Amino acid sequence: MTEQPLIEVRNLTKKFKDFEAIKTPGVSLKIMPKEVLVIIGSSGSGKSTLLRCMNRLIEPTSGQVFFDGVEITDKEINIDDVRKNIGMVFQAFNLFLHLTVGENIALPLKKVLRLSEDDIEKRVKDNLRAVNLSEKEDSYPGELSGGQQQRVAIARVLAMRPKLIFFDEPTSALDPELTGEVLSVMKKLVTDFHYTLVIVTHEIPFAKEMATRVIFMDEGEIIYRGPPGDVFENPSNERLKKFLSKILEMH
Ligand SMILES: Nc1ncnc2c1ncn2[C@@H]1O[C@H](COP(=O)(O)OP(=O)(O)OP(=O)(O)O)[C@@H](O)[C@H]1O
Ligand SMILES: [Mg+2]
């Protein structure tokens, strides 16, 4: 029996007014369980738009998205059920500043999953431990470094036990030394917890090491895809080559 993709996207396009952020005939891709799919591409190429269409934070203009074999672009579906299973970590950590770290993690467990107080407390502690921040449970986000805040955001997503997690440039707001601690937590999600991840990132060494496949987007299209070896070591596409040399210059 062949394994079913966790996500399948067919001919997805997205227009904002007349502007095609994801161009016709659209993007198609499959994400298999336990894959680590890395998406690269220059600013404005449509990476965030694609992620957001895949969990319907925004509505695609056309095309279909299937999650675990169910079409989630079907308007009849309860999208909240789907979103429980697709965690999302953003560049800006999006923590509630007036709540403690523990309360930030507890909130969706209470409001969305409606877990008991005991279950919530256990999940808060377990997941803070997973990101090495047990001692910060009672701190406020403003008392934490950027890297620590992002690890709390990751713990908050993990506590929901989603089937896969999207990361949209999780380290691009961080200094290099803080970037490292967030990337090492993300590595642990793969090596210890076997999570399926989709990651928009410009951290090329991380992508080389962790990606099972890489997608390169340019001007609203996927113009190259392949295993990290093909994409980074020996790219045969001119636009990709140009993009990679620009990234290398910046780092
Ligand atoms: N809500 C919106 N309304 C209008 N245009 C939008 C909207 N969101 C994105 N766009 C446009 O769609 C294009 C793709 O944007 P997107 O945010 O997906 O790019 P990106 O690849 O994630 O870029 P970056 O690396 O800067 O995050 C851009 O030209 C952007 O200006
Ligand atoms: Mg983006």
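Residues numbered from 1 in each chain as written. Chains lettered and ligands numbered in written order. Predicted model: local features only at pLDDT ≥ 70, side-chain atom pairs only at ≥ 80, totals over all residues. Heavy atoms only, no water.

**Q** When you look at the environment of Glu-59 in this model, what are you seeing that I'm missing?
**A** Tracing the sequence through the fold places Glu-59 in the loop between helix H1 (47-54) and strand E4 (62-67). Exposure remark for Glu-59: the relative accessible area of 33% places this residue in the partly exposed category. Sequence spacing of Glu-59 and Pro-25 is 34 residues, and the spatial spacing of their C-alpha atoms is 17 Å. When residues no more than four places from it in sequence are discounted, the contact partners of Glu-59 are Lys-14, Cys-53 and Lys-75. At 3.1 Å, the side chain of Glu-59 forms a polar contact with the side chain of Arg-56. (Helix = DSSP H or I, 4+ residues; strand = E, 2+ residues; numbered from the N terminus. Buried < 20%, exposed > 50% of the residue type's maximum accessible area, 1.4 Å probe, protein only. Contact = heavy atoms within 4.5 Å. Polar contact = N/O pair within 3.5 Å; in protein donor to acceptor, adjacent residues only side chain to side chain.)

**Q** Looking at this structure, how should I read the UniProt feature "domain: ABC transporter" (unreviewed entry) in the chain?
**A** In the numbering used here, UniProt assigns the "domain: ABC transporter" (unreviewed entry) feature to residues 7-244. The span residues 7-244 is 37% helix and 26% strand, and its two end C-alpha atoms sit 27 Å from each other. (UniProt positions renumbered as here; feature names shortened; annotations may be inferred.)

**Q** Would you explain helix H3 (residues 101-111) in this entry?
**A** The α-helix advances 3.6 residues per turn, and as a result positions three or four apart in sequence lie on the same side. Within H3, the full set of buried residues consists of Val-101, Gly-102, Asn-104, Ile-105, Ala-106, Pro-108 and Leu-109. Residues of H3 that are buried make contact with helix H4 (117-130) and helix H5 (146-159).

**Q** Just checking my understanding: could you explain a negative patch on the surface for this structure?
**A** Among the surface-exposed residues, Glu-117, Asp-118, Asp-119 and Glu-121 lie close enough to one another that they form a single negatively charged patch. You can see Glu-121 is positioned in helix H4. (Patch = residues over 30% accessible without salt bridge, like charges linked within 9 Å, V, L, I, M, F, W, Y side chains within 5 Å. Areas by Shrake-Rupley, 256 points an atom, 1.4 Å probe, with all protein chains shown as cover. Salt bridge = Lys/Arg side-chain N within 4 Å of Asp/Glu carboxyl O. Lys, Arg positive; Asp, Glu negative; His and termini not counted. Charge placed at Lys NZ, Arg CZ, Asp CG, Glu CD.)

**Q** Quick question: what am I supposed to make of the pairing of strand E8 (residues 196-200) here?
**A** Here is the key point about a regular strand: its side chains alternate between the two faces of the sheet. Most of E8 sits inside the fold, with five of its five residues counted as buried. A two-sided burial pattern is seen for E8, the buried positions comprising Thr-196, Val-198 and Val-200 on one face and Leu-197 and Ile-199 on the other. Alignment of strand E3 (residues 36-41) against E8, held across four bridges, turns out to be parallel. The partner of Val-36 across the bridge, within E8, is Leu-197. Pairing between strand E7 (residues 164-168) and E8: five bridges, direction parallel. In the sheet register, Asp-168 faces E8, and the bridge partner there is Val-200. (Pairing = 2+ DSSP bridges.)

**Q** Would you mind going over the site of ligand 1 with me for this structure?
**A** Neighbouring residues of ligand 1: Phe-16, Phe-19, Ala-21, Ser-42, Ser-43, Gly-44, Ser-45, Gly-46, Lys-47, Ser-48, Thr-49 and Glu-169. With respect to ligand 1, the backbone of Ser-45 contributes an N or O atom lying 3.2 Å from an oxygen atom. Glu-169 is positioned with one of its side-chain polar atoms (N or O) 3.1 Å from an oxygen atom of ligand 1. For ligand 1, whose unbound accessible area comes to 640 Å², protein coverage reaches 57%. Of all elements in the fold, only strand E2 (19-31) and H1 reach the threshold of two or more residues within the shell around ligand 1. The biggest single contributor to the shell around ligand 1 is H1, with three residues. Taken together, the residues of the shell around ligand 1 break down into three nonpolar, seven polar and two charged. (Near = heavy atom within 4 Å. Nonpolar A, V, L, I, M, F, W, Y, C, P; charged D, E, K, R; others polar.)

**Q** Would you take a moment to explain the packing of H3 against H5 for this structure?
**A** Geometrically, a packed helix pair is captured by the angle between its two axes and the distance between the axes. For the pair H3 and H5, interaxial distance at closest approach is 9 Å and the crossing angle is 30 degrees. The orientation of H3 relative to H5 falls into the category roughly parallel. Of the two possible hands of crossing, H3 and H5 adopt the one that is right-handed. Between H3, through Val-101, Asn-104, Ile-105, Pro-108 and Leu-109, and H5, the contact on the second element is made entirely by Val-152, Ala-155, Arg-156 and Ala-159. When the residues that make up the contact of H3 with H5 are grouped by side-chain class, the tally is seven nonpolar, one polar and one charged. (Axes fitted to C-alpha atoms, helices over the stretch in contact; angles between N-to-C directions. Parallel < 35°, antiparallel > 145°, perpendicular 65-115°, else oblique. Left-handed = near helix turned anticlockwise from the far one by under 90°.)

**Q** Teacher, can you tell me more about the side chain of Lys-14 here?
**A** Turning to its location among the elements, Lys-14 is positioned in strand E1 (residues 7-16). Although Lys-14 is buried, it forms no salt bridge, and the closest oppositely charged side chain is Glu-59 at an N-O distance of 7.4 Å. From its side chain, Lys-14 meets the backbone oxygen of Glu-59 in a polar contact 2.6 Å long. Dropping the residues within four chain positions of it, Lys-14 is found in contact with Phe-19, Glu-20, Ala-21, Ile-22, Thr-49, Cys-53, Ile-58, Glu-59, Pro-60 and Thr-61.

**Q** What should I look at first to understand the sheet that holds E2 in this one?
**A** Each strand in a sheet pairs with its neighbour through backbone hydrogen bonds, running either in the same direction (parallel) or in the opposite one (antiparallel). Pairing is antiparallel across the open sheet formed by four strands, whose spatial order is E2-E1-E4-E5. Lying at the two open borders of the sheet, with one neighbouring strand each, are E2 and strand E5 (70-71). Relative to E5, E4 runs antiparallel, the two sharing two bridges. Looking across to E5, one finds that Phe-67 is bridged to Val-70.

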